[in-house]
Structures are given as C-alpha cells and as structure tokens.
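Chains, contacts and geometry: an overview
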Amino acid sequence: MDDQSVVDVGDVRLAYRSWGDPYGSPVVLLHGLGDSAASWEAVGELLGREWRVYAIDLRGHGESDWPDDYDLDLMAEDVLGFLDACEIDRAGVAGHGMGGVVAQLLAQENPDRVERLVLVETPPPFPGAAGPAVTPRGPVDYDENAVPAVREELDAPGPERARGLGEIVAPTLVVSGGPASGLSQARLQDMAALVPDSRLLTLDGGHRPHETNAAQLVQEMTEFFTS
C-alpha cells in the first residue's frame, strides 16, 4: 500500500507516492512524458520491501501543479528541490523515458546527490532517436501544453546533451526493452558507451518494462543498487 503526499518546491507543488520503511535507503522514480507516478506502482511496491521509495509526479503531470513553463532542466531542478525538501542527501534515481533524461541531468549537475542511476528506455540524446510520439486514446492526466515543449527537446537535443553523459560519475544501468521497443537498440548502446561507468541491460517488455516486466526489473535494480 502506498502513501500519497505533496511537497512545495519553489513555486511548484509536487505530488508523490512512497513505499517502504521511512528510514530505509532512498530510491526516487521518475515517470515518462504524459505519464505519472502511478506507472511505477508495481515497481514501487516491490522495491518498497527493501528500500524507501518515492515516485514523483513531475510538473504538468498527475496531481502535481501544471504551471506555464516546461522543459527538462526545470524538471531536474524540481527533483533537486524535492530531495532538499524531503531531506534526502543521496538517492538511487531511476527514470523511464523522459524521466530518464531528467535523471541524467540531475546526475550531471548534482553528482553528490545521485548514488546510482537507472535509465529505463530513455531516449538517447541524438537527433531523431527519441522514437515515435504516442497518441493518447482517452482522457489524459497531464497538461497537454507540456508535451510539445518537452517533445521538441527529446526529438532534437543539442550536442551538449550527449557531451553531458560523460560528466555522470554515478554507476549507471541503462535498461532496454528489447526488440519490441520503439527506441533504436543501437542508439541505446551508443548512449551507454558515453557514460563512464555504465552497462546496458536488455529486458523483454518493449518500451514499458517497468510495467510489463516489473519483477525482473526490480530484481536487476536491487542487484545493481547493492553491488
């Protein structure tokens, strides 16, 4: 059973879910574009058996505030503010899709705050490598204004995004969803090669292995966090 809470970070109120012992070692989970913390529910429940887990609704998504400004750097700043507000000195950080890019930026700019980094089906920082956009089939739980702003950054990242991967000092696990993924497997390999201390893991499950293959992902994350 998860707890749902909110915390004020600057001018933005962030909603989050949490699992596990409040005094356990912290793990922070970041969702993809057009998603929410709910997408991490299966992983959060399983990780919560051993860790203190926080899954954040990023700005413009879920129960968090929907402000006027959206970009990946702002989201990374929000996550840093979340760590400060919750008095979390260092954490394992995992991100899916867009959330993985946010996690990368956090790790690059604040290496003292990220213990280990997990990038799940994260768009590689190369033009045209972000995969196809997904069209929602029903009502959405996010600010539709956030999508074009962030999607533009994912589709056409500047060269600094790739260079920044070389600044990540945290041990990093790059997770691919395998042949069913919409992301280029070769480009994911290229991305992993740019991170100094990283390895690439392929799981079945396509673009959403944190939902379709949660148990195996948690097993791999636990081994990675404790290695």
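Before reading further, recall that the structure is shown in the block above.
Sequence positions are assigned chain by chain, starting from 1 and proceeding in written order. In keeping with the model being predicted, local features are shown solely for residues with a pLDDT of at least 70 and side-chain atom pairs are shown and tallied solely at 80 or more, while totals for entire chains, interfaces and linings include all residues. Side-chain metrics rest on all non-hydrogen atoms present in the structure, leaving aside hydrogens and water.

To continue, consider the packing of aromatic side chains. Ring geometry is summarised as follows: Phe, Tyr and Trp rings, the Trp one being its six-membered ring, pair when their centres sit within 6.5 Å, and such pairs are stacked at plane angles under 30 degrees, edge-to-face over 60 and tilted between the two. Scanning the entire structure with this criterion turns up five aromatic pairs. Between Tyr16 and Tyr54 the ring centres are 6.0 Å apart and the planes differ by 50 degrees, which places this aromatic pair in the tilted class. Here Tyr54 lies in strand 4 (residues 52-56) and Tyr16 lies in strand 2 (residues 12-19), a separation of 38 residues in the sequence. For the pair Tyr16 and Tyr54, one class covers both residues: buried. Note on Trp51 and Phe225: the rings are 5.6 Å apart at their centroids and 70 degrees apart in plane angle, and the pair reads as edge-to-face. Secondary structure elements are defined from DSSP: runs of H or I of at least 4 residues count as helices, runs of E of at least 2 residues count as strands, and each element is numbered from the N terminus. Each residue gets one of three labels from its accessible area relative to the maximum for its type: buried under 20%, exposed over 50%, partly exposed in between, using a 1.4 Å probe on protein chains only.

For the rest of this paragraph, the subject is the pairing of strand 2. Burial analysis of strand 2 places seven of its eight residues in the buried class, the great majority of the element. Two strands pair under a simple rule: DSSP has to find at least two bridges between them. Two elements, strand 1 (residues 3-9) and strand 2, share seven bridges in a ladder whose sense is antiparallel. Residue pairing in the sheet places Ser5 in a bridge with Tyr16 of strand 2. Linking two consecutive strands that pair antiparallel, namely strand 1 and strand 2, is a turn of two residues; a positive phi of about 60 degrees is found at Gly10 within it. The pairing of strand 2 with strand 4 spans four bridges and is classified as antiparallel.

It is worth spelling out the environment of Gly81 at this point. Mapped onto the elements of the fold, Gly81 is located in helix 2 (residues 72-85). The sequence separation of Gly81 and Val7 amounts to 74 residues, and the corresponding C-alpha distance is 9.5 Å.

As a further point, take empty space enclosed by the protein. In this analysis the probe radius is 1.4 Å and the grid spacing 1 Å, with only protein atoms considered; a cavity is a set of points the probe fits into but cannot get out of, a pocket is an open set with protein on both sides within 12 Å along at least five of seven lines, and lining residues have an atom within 4 Å of a point. Grid points are joined across faces, edges and corners, and a volume is the space filled by probe spheres set on the points. Counting across every chain of the model gives one cavity of 30 Å³ or more. Here the largest cavity defines a volume of roughly 70 Å³. Taken together, Leu72, Val101, Gln104, Pro123, Pro124, Pro125, Glu153, Leu154, Pro157 and Arg161 make up the full set of residues lining the largest cavity. If you list the elements that add at least two residues to the lining of the largest cavity, you get helix 3 (98-109) and helix 4 (146-155). Only Asp, Glu, Lys and Arg are considered charged in this grouping, and only Ala, Val, Leu, Ile, Met, Phe, Trp, Tyr, Cys and Pro are considered nonpolar; every other residue, Gly among them, is considered polar. Residues belonging to the lining of the largest cavity are distributed by class as follows: seven nonpolar, one polar and two charged.

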